[in-house]
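# Coordinates in review
Below are the chains, spelled out letter by letter.
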Amino acid sequence: MSYSILLVDDHKNTIRIWSDILSEEGYLVLSAETGKQALDIFQEEKIDLVVLDMMLPDMKGLEVLEKIKEIKNDIIVIMVTGFGGVETAVKAMRLGAHNYRTKPVEPEDLKESIKKALETLESISSKEQVEFIRNRQKKDFDPKNIIGKSPAIKDILEIVQKVATSESSTVLIRGETGTGKELIARGIHYLSSRKDYPFIDVNCTAIPENLLESELFGYEKGAFTDAKQSRKGVFELADGGTLFLDEIGDMSYAMQAKLLRVLQDKIFKKVGGSKRISVNIRIIASTNMDLERAVKENKFREDLYYRLKVIPITLPPLRKREDDAIIIANHYLKQFNKEFKKNIKGFNDDALKLIKSYSWPGNIRELKNIIERGVLLESVDKLTDKHLMIQLDDISDKPEEMIDENIMSVQDKNQVRSDILSSQFNLHLDSLTLEEAEKALIKKVLELNNWNRNTVASSIGINRTTLYSKMKRYNINKNQM
Ligand SMILES: Nc1ncnc2c1ncn2[C@@H]1O[C@H](COP(=O)(O)OP(=O)(O)OP(=O)(O)O)[C@@H](O)[C@H]1O
Ligand SMILES: [Mg+2]
């Protein structure tokens, strides 16, 4: 039987080359240059596999993927992502993509991926396909990737091991942004007996309040206007495994009450449903919020706080982890050398001094990004402090401590930051509070980047979750502007 493949890419040349190669292999090849075209073809033709570019002129690749999956849930989709698109790729995998390839994609590689994907279609059921994807994700999140030798991280790794053996205890992971909360949560899951079941993470900040309930518990057909079919929520999807409630501090008070009930009874109902559903999951929650304060201010329920805090884990900021910054920098230097086919041997003394003395407000994420950039852009024997391009501190994070602990270089950098702010945004920094400056910066960068939160988050050096919570805290939204 000859399989039909739909190629979706707006580069005519790419389409032409791939069409030729794949036709030679005996596939029937169709192509589309826009998301809309792709969806039209998909609805009319019988397609077995789609190769889908993330960047299309009219729609996001992820949107196209979602729509295609709505039409035909078990369709095999191979996503093609640009450089640095790993996060989007992971999202695509969660939306049901079979695989992803990073550009530039070699024809041989594409041919091989397609062949393998179609083989799985022939030989395994879709349940096993889910298993297959899960296993690969497991490899990506091997707890061995948790690097560090400081006593603090050693203690935490010990706790992680112990927690993993207790099957269902709820864990609350706390720590500043980028300290590894998600990494630790995944570590606990993959070391536990639940490892062969799903690890599902839900970002409580990113999901609008009115959708969170159905996202968590699912809904029955007809529960609301758009509910054309009944759907499972993450509580059910994670059955047997671990549910990671990321940024739990941002959950609304009303939703907290509902969550508490489920944690107590382990039983819930879908939105619009009457059947009682019981599941076996472990909950891991995380936050970088001061929950005790939120409890005092009546923003976080005290009963839920105690319910979650059965096993508390607090991740120290990188600046308090002794020599870990150097160890982690070397780890990522090796990793990115391999990824970008470089051979940078290490750091010079000034670079090492900077890595040790800098406050790392964005913690390990910031360090990792800086090493990635350095390795990608330079082809030197050793990276120097100049190559590290530490520019803009995240001014929101623990500024008092930064002043205490950080030497000249940070003050210089803050000066640079303040110059950039004043010149680009016409702000009179001396008349603003730190929060006002941060709010103004976020608003401005959102405007400049057409409200693309991914771009903005990486441009100001925080992750998207943090951006979402800051936007929420400062009440910044597009419609207001
Ligand atoms: N100990 C570690 N060793 C190596 N890499 C780490 C370590 N801790 C975290 N990382 C890496 O740093 C990045 C940020 O980690 P992670 O997403 O787990 O942080 P987080 O605390 O959840 O951040 P946020 O609060 O911003 O969501 C990830 O790429 C992760 O792999
Ligand atoms: Mg996180």
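Residues numbered from 1 in each chain as written. Chains lettered and ligands numbered in written order. Predicted model: local features only at pLDDT ≥ 70, side-chain atom pairs only at ≥ 80, totals over all residues.

Within the protein chain, the regular secondary structure consists of 21 helices and 16 strands. Out of the 481 residues belonging to the protein chain, those deemed buried represent 32%. Counting contacts in the protein chain only where the partners sit at least 6 residues apart, residues at least 24 apart contribute 70% of the total. (Helix = DSSP H or I, 4+ residues; strand = E, 2+ residues; numbered from the N terminus. Buried ≥ 20, exposed ≤ 12 C-beta atoms within 10 Å, placed from the backbone. Contact = placed C-beta atoms within 7 Å.)

Attention now goes to the sheet that holds strand 5 (residues 99-102). Pairing in this open sheet of 5 strands is parallel, and the strands run 2-1-3-4-5 from one edge to the other. Every other strand in the sheet has two partners, leaving strand 2 (28-32) and strand 5 as the edge strands with one partner each. The average angle at which neighbouring strand axes cross in this sheet is 20°, direction not considered. Examined bridge by bridge, strand 1 (residues 4-8) and strand 3 (residues 49-53) share 4 bridges and lie parallel to one another. (Pairing = 2+ DSSP bridges. Axes fitted to C-alpha atoms, helices over the stretch in contact; angles between N-to-C directions.)

Before going further, it helps to examine helix 19 (residues 434-448). Side chains that are three or four residues apart share a direction in an α-helix, a result of its 3.6 residues per turn. Its 15 residues place the ends of helix 19 21 Å apart at the C-alpha level, agreeing with the 21 Å of an ideal helix rising 1.5 Å per residue. What helix 19 keeps buried is the set A437, L441, I442 and L446. One side of helix 19 carries all its buried residues, which in axial view fall inside an arc of 160°. (Expected span 1.5 Å × (residues − 1). Arc of directions from axis to C-beta.)

Now for the pairing of strand 2. Both strand 1 and strand 2 contribute to a ladder of 5 bridges, which runs parallel. Pairing of S4 across the sheet is with L28, part of strand 2. The parallel pair strand 1 and strand 2, bridged by helix 1 (residues 12-24), forms a crossover whose chirality is right-handed. (Right-handed = clockwise from strand over helix to strand, strands pointing away.)

Counting through the fold element by element, K258 comes out in helix 11 (residues 253-265). The class of K258 is partly exposed, set by 16 C-beta atoms lying within 10 Å. In this structure the C-alpha to C-alpha distance between K258 and E213, which are 45 residues apart in sequence, comes to 8.5 Å.

Attention now moves to unusual backbone geometry. Put simply, K103 and P104 share a cis peptide bond, and its omega is -5°. For P104, the position within the fold is in the loop between strand 5 and helix 5 (107-123). In this structure, K266 takes a positive phi of about 55° despite not being glycine. Inspection of the secondary structure assignment puts K266 in the loop between helix 11 and strand 11 (267-268).

What follows deals with the sheet that holds strand 13 (residues 282-287). Strand pairing in a sheet relies on backbone hydrogen bonds. The paired strands run either parallel or antiparallel. Across the sheet, 5 strands lie side by side as 7-10-13-6-14; this open sheet has parallel pairing. At either margin of the open sheet sits one strand with a lone partner, and together these are strand 7 (199-203) and strand 14 (311-314). Along the sheet, successive strands turn relative to each other by an average axial angle of 20°, direction set aside. Sheet analysis places strand 7 next to strand 10 (residues 242-246), joined by 5 bridges and oriented parallel. Note that in strand 10 the partner of F199 across the bridge is T242.

Below, the discussion takes up helix 14 (residues 324-339). When the terminal C-alpha atoms of helix 14 are compared, their 22 Å separation across 16 residues agrees well with the 22 Å that a helix rising 1.5 Å per residue should span. Burial in helix 14 covers these residues: D324, A325, I328, A329, Y332 and L333. Projected onto a plane normal to the axis of helix 14, the buried residues spread over an arc of 165° and lie on a single side.

On to the packing of helix 14 against helix 16 (residues 363-377). Contact geometry for helix 14 and helix 16: axes closest at 9 Å, N-to-C directions at 40°. What the angle tells us is that helix 14 and helix 16 run oblique. Seen from above, helix 14 lies across helix 16 with right-handed handedness. Contacts from A325, I328, A329, Y332, L333, F336 and N337 of helix 14 reach helix 16 at I364, L367, K368, I371, E372, V375 and L376. Split by residue class, the contact of helix 14 with helix 16 holds 11 nonpolar, 1 polar and 2 charged. (Parallel < 35°, antiparallel > 145°, perpendicular 65-115°, else oblique. Left-handed = near helix turned anticlockwise from the far one by under 90°. Nonpolar A, V, L, I, M, F, W, Y, C, P; charged D, E, K, R; others polar.)

Relative to the helices and strands, A152 resides in helix 7 (residues 151-165). Among residues more than four places away in sequence, those in contact with A152 are P316, K320 and R321.

The next subject is the confidence of the model for the protein chain. With 84% of its residues at a pLDDT of 70 or more, the protein chain shows a mean pLDDT of 82. Confidence, expressed as mean pLDDT per element, reaches its minimum in the protein chain at helix 17 (residues 399-405) with 34 and its maximum at strand 6 (residues 171-174) with 97. For the stretch residues 124-130, pLDDT sits under 50, and the model shows 3 contacts to residues farther than four places along the chain or on other chains. A low-confidence stretch, residues 392-424 stays under pLDDT 50, and its non-local contacts, those more than four residues away or across chains, total 46 contacts. (pLDDT = per-residue confidence, 0-100.)

This brings us to the environment of L441. Structurally, L441 can be placed in helix 19. Take L441: there are 22 C-beta atoms within 10 Å of it, and that puts it in the buried class. Sequence spacing of L441 and I460 is 19 residues, and the spatial spacing of their C-alpha atoms is 8.8 Å.

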